[in-house]
Amino acid sequence: MLTPANSGDSWLTQPSGYSVPSGLTRSTPAGSKPARQHARFSHVEARNLHHTLEHRKVNDMQLGLIGLGKMGGNMRERIRRAGHTVIGYDRNPDLADVSSLAELVGKLEGPRVVWVMVPAGAATQSVIDELGDLLEPGDTVVDGGNSRWTDDEKHAEELAAKGIGFVDAGVSGGVWGLQNGYALMVGGDAEHIAKVQPVFDALKPEGDFGFVHAGKVGAGHFSKMVHNGIEYAMMQAYAEGWELLEKVDSVTDVREVFRSWQEGTVIRSWLLDLAVNALADDEHLDKLRGYAEDSGEGRWTVEAAIDNSVPLPAITASLFARFASRQDDSPQMKMIAALRNQFGGHAVESAK
Ligand SMILES: NC(=O)C1=CN([C@@H]2O[C@H](COP(=O)(O)OP(=O)(O)OC[C@H]3O[C@@H](n4cnc5c(N)ncnc54)[C@H](O)[C@@H]3O)[C@@H](O)[C@H]2O)C=CC1
Ligand SMILES: O=C(CO)[C@H](O)[C@H](O)COP(=O)(O)O
């Protein structure tokens, strides 16, 4: 079952998933007693241990992480597993390692890197404002939430006036990121990004892809915004296809059709895999109401399309489909019904 990591680990103790680097442990043959603490290391083991410690010294860094919910909680765990130190703050004390932002900043050695992972808008603004007062020149703030890209320039300017760097990071991967890694789209100056790189490396998926320095400040969130616009339209297409398949009598097992599409088809994707997961739990989605919220990225994508005169019919339609999902009845369809009745005498249905 997928749950955010709400372990509430103290930053002073090793989190449950922490793995000791291989050079620091000695293997114990099955059935034998565990090696005693004072067991002698061979020359090769001692050299490996030395290399491991040197490696950690060079690469380990400290991170302050603010917002330990569905995303930040798992990110803290993934970064710690990579051997870095994470001090987490959340306004929910059950999740936090420290009791205030000031305490978090006080525990970090300079130059500090602080990652903000709270809801976009007012929450992000207030955290960045407070950090602006607490941090020192040479420190760096990363906004990893789904902030509107137009906020980034303002945040970068406000912090730059105090000598503090700013990086905007679009993060993709959801609650699966702990195991699969988080795809990262970052914007900002190379000098600021370099300070955060060990953390980006810890978060990103294995392999060659999953990290991009997309451009200047704002480019990371702009890229993530478009990513989410695409996400809307892809989900909408799967959803529409699914409804049509469910509607007709000739297709007797829609769930199996979706499952079969997972291999070999043109339309296989991770979203399709997740649709199959959802249908495994609830074959006809009977347990759900057809209602979908949105958090902003879809509408900002449509606004950017208008600003740039770029036609986005699929993404716009998928945003509007969510608005429609929130209506019990359709005022506009009342008007359509009234007009058809007016001009053509077509039948109407009475309000319930
Ligand atoms: N859930 C997802 O799939 C993804 C979410 N995001 C973005 O990441 C950010 C966090 O999202 P989630 O973890 O899903 O949200 P969440 O609601 O699970 O967690 C947010 C956390 O921030 C804390 N918080 C809120 N205001 C705070 C403040 N002023 N000071 C300290 N802590 C504060 C809350 O107590 C909560 O624990 C949002 O900007 C979201 O849009 C980005 C990618 C994927
Ligand atoms: O960024 C995400 C996934 O990539 C978040 O899950 C985001 O909340 C999805 O957008 P919306 O809430 O508007 O559906």
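Our subject is the structure that appears above.
Below is a short write-up of the structure. (Residues numbered from 1 in each chain as written. Chains lettered and ligands numbered in written order. Predicted model: local features only at pLDDT ≥ 70, side-chain atom pairs only at ≥ 80, totals over all residues. Heavy atoms only, no water.)

## So, the packing of helix 8 (residues 219-247) against helix 10 (residues 270-281)
Basically, it comes down to this: To get an axis, a line is fitted to the C-alpha atoms, and for a helix only the part in contact is used. The angle between two axes follows their N-to-C directions and goes from 0 to 180 degrees. Each helix is a run of H or I in the DSSP string that is no shorter than four residues. Each strand is a run of E no shorter than two, and both are numbered from the N terminus. Comment on the angle field: the value is read as roughly parallel under 35 degrees, roughly antiparallel over 145, roughly perpendicular from 65 to 115, and oblique elsewhere. Helix crossings are classified by the rotation of the near helix relative to the far one: an anticlockwise turn of less than a right angle makes the crossing left-handed, while a clockwise turn makes it right-handed. The contact criterion used throughout is that any non-hydrogen atoms of two residues lie within 4.5 Å. The nonpolar class holds Ala, Val, Leu, Ile, Met, Phe, Trp, Tyr, Cys and Pro. Asp, Glu, Lys and Arg form the charged class, and all remaining residues, Gly among them, are polar.
It is the contact of helix 8 with helix 10, at a shortest axis distance of 11 Å, that shows an interaxial angle of 45 degrees. Considering the angle they form, helix 8 stands oblique to helix 10. As helix 8 packs across helix 10, the resulting crossing turns out to be right-handed. Two secondary-structure elements touch here, helix 8 through Glu 231, Met 234, Met 235, Tyr 238 and Trp 242 and helix 10 through Leu 271, Leu 272 and Leu 279. A per-class count over the contact of helix 8 with helix 10 returns seven nonpolar, no polar and one charged.

## Description of the pairing of strand 5 (residues 165-172)
Worth spelling out the cut-off: For every residue, the accessible area (1.4 Å probe, protein chains only) is compared with the maximum for its type, and the residue is labelled buried under 20%, exposed over 50%, or partly exposed between those bounds. Two strands are counted as paired when DSSP detects at least two bridges linking them. We call a crossover right-handed when, viewed with the strands running away from us, the connection from the first strand over the helix to the second turns clockwise.
Extensive coverage of strand 5 is indicated by the burial of eight of its eight residues. With burial as the criterion, each face of strand 5 is covered, one bearing Gly 165, Val 167, Ala 169 and Val 171 and the other bearing Phe 166, Asp 168, Gly 170 and Ser 172. Both strand 4 (residues 140-143) and strand 5 contribute to a ladder of four bridges, which runs parallel. What sits directly across from Asp 143, in strand 5, is Asp 168. With helix 5 (residues 149-160) bridging strand 4 and the parallel strand 5, this β-α-β connection has right-handed handedness. Sheet analysis places strand 5 next to strand 6 (residues 183-187), joined by five bridges and oriented antiparallel. Each residue of the ladder has a partner; that of Gly 170, found in strand 6, is Met 185.

## Here we look at the site of ligand 2
Rule in force here: The cutoff for a nearby residue is simple: one of its non-hydrogen atoms must lie within 4 Å of the molecule or strand. Areas reported here follow the Shrake-Rupley algorithm with a probe of radius 1.4 Å; residue values treat only the protein chains shown as occluding.
If you check the shell around ligand 2, you find Asn 146, Lys 224, His 227, Asn 228, Glu 231, Tyr 232, Asp 294, Ser 295 and Arg 322 and nothing else. Isolated, ligand 2 exposes 370 Å² of accessible area, and the fraction of that covered by the protein chains is 69%. Of all the elements, helix 8 adds the most residues to the shell around ligand 2, at five residues. For the shell around ligand 2, a count of residues per class yields one nonpolar, four polar and four charged.

## With respect to the environment of Met 61
Residue placement: Met 61 occurs in the loop between helix 1 (43-59) and strand 1 (62-66). Here Met 61 falls in the buried class, since its relative accessible area comes to 14%. Taking C-alpha positions, Met 61 is 5.3 Å from His 84, a pair spaced 23 residues apart along the chain. Apart from the residues lying within four places of it in its own chain, the contact partners of Met 61 are His 84, Thr 85, Val 113, Lys 195, Pro 198 and Val 199.

## So, the sheet that holds strand 1
Taken together, the seven strands give an open sheet; going across it, the order is 2-1-3-4-5-6-7, and neighbouring strands pair in mixed fashion. Taken across any chain shown, the strands that pair with only one partner, and hence form the sheet edges, are strand 2 (85-89) and strand 7 (211-215). Put simply, the sheet's adjacent strands are angled 25 degrees from each other on average, direction ignored. The strands touched by helix 4 (residues 122-134) are strand 1, strand 3 (113-116), strand 4 and strand 5; relative to strand 3, the strand with the most contacts, the crossing angle is about 165 degrees.

## Considering the nonpolar core
Nonpolar side chains in soluble globular proteins generally cluster together in the buried interior. Put simply, the rule is: Throughout, nonpolar core names a set of buried Ala, Val, Leu, Ile, Met, Phe, Trp, Tyr and Cys residues whose side chains join them through atoms within 4.5 Å.
Formed by 25 residues in total, the largest nonpolar core has its most connected members in Trp 115, Tyr 182, Leu 184, Val 199, Phe 200 and Leu 203. Elements that contribute at least two residues to this core include exactly strand 1, helix 2 (72-81), strand 3, strand 5, strand 6 and helix 7 (190-203). Residue contributions to this core peak at five residues, all from helix 7. By size, the runner-up hydrophobic cluster in this structure holds 21 residues, among which are Val 98, Val 116, Val 118 and Phe 166.

## Re a nonpolar patch on the surface
For clarity, the threshold we go by: Patches here: salt-bridge-free residues with over 30% relative accessible area, like charges joined within 9 Å, nonpolar side chains (Val, Leu, Ile, Met, Phe, Trp, Tyr) joined within 5 Å. Salt bridge, as applied in this entry: a Lys or Arg side-chain nitrogen positioned within 4 Å of an Asp or Glu carboxyl oxygen.
On the surface, a nonpolar cluster with roughly 210 Å² of combined accessible area is contributed by Val 226, Ile 230 and Met 234. Its location among the elements puts Met 234 in helix 8. Accessibility expressed as a relative area gives 32% for Met 234, which makes it partly exposed.

## Observations concerning the environment of Arg 81
Among the structural elements, Arg 81 can be located in helix 2. Judged by its relative accessible area of 39%, Arg 81 falls in the partly exposed class.

## A few points about the side chain of Ser 147
Our working rule: Counted as a polar contact is a pair of N or O atoms within 3.5 Å, where, for protein atoms, one must be capable of donating a hydrogen and the other of accepting one, and residues adjacent in sequence contribute only when both atoms are in side chains.
Examined against the element boundaries, Ser 147 turns out to sit in the loop between strand 4 and helix 5. Within polar-contact distance, the side chain of Ser 147 engages the side chain of Asp 143 at 2.5 Å. In contact with Ser 147, other than residues within four places in its own chain, are Ala 120, Thr 124, Asp 152, His 221 and Trp 300.

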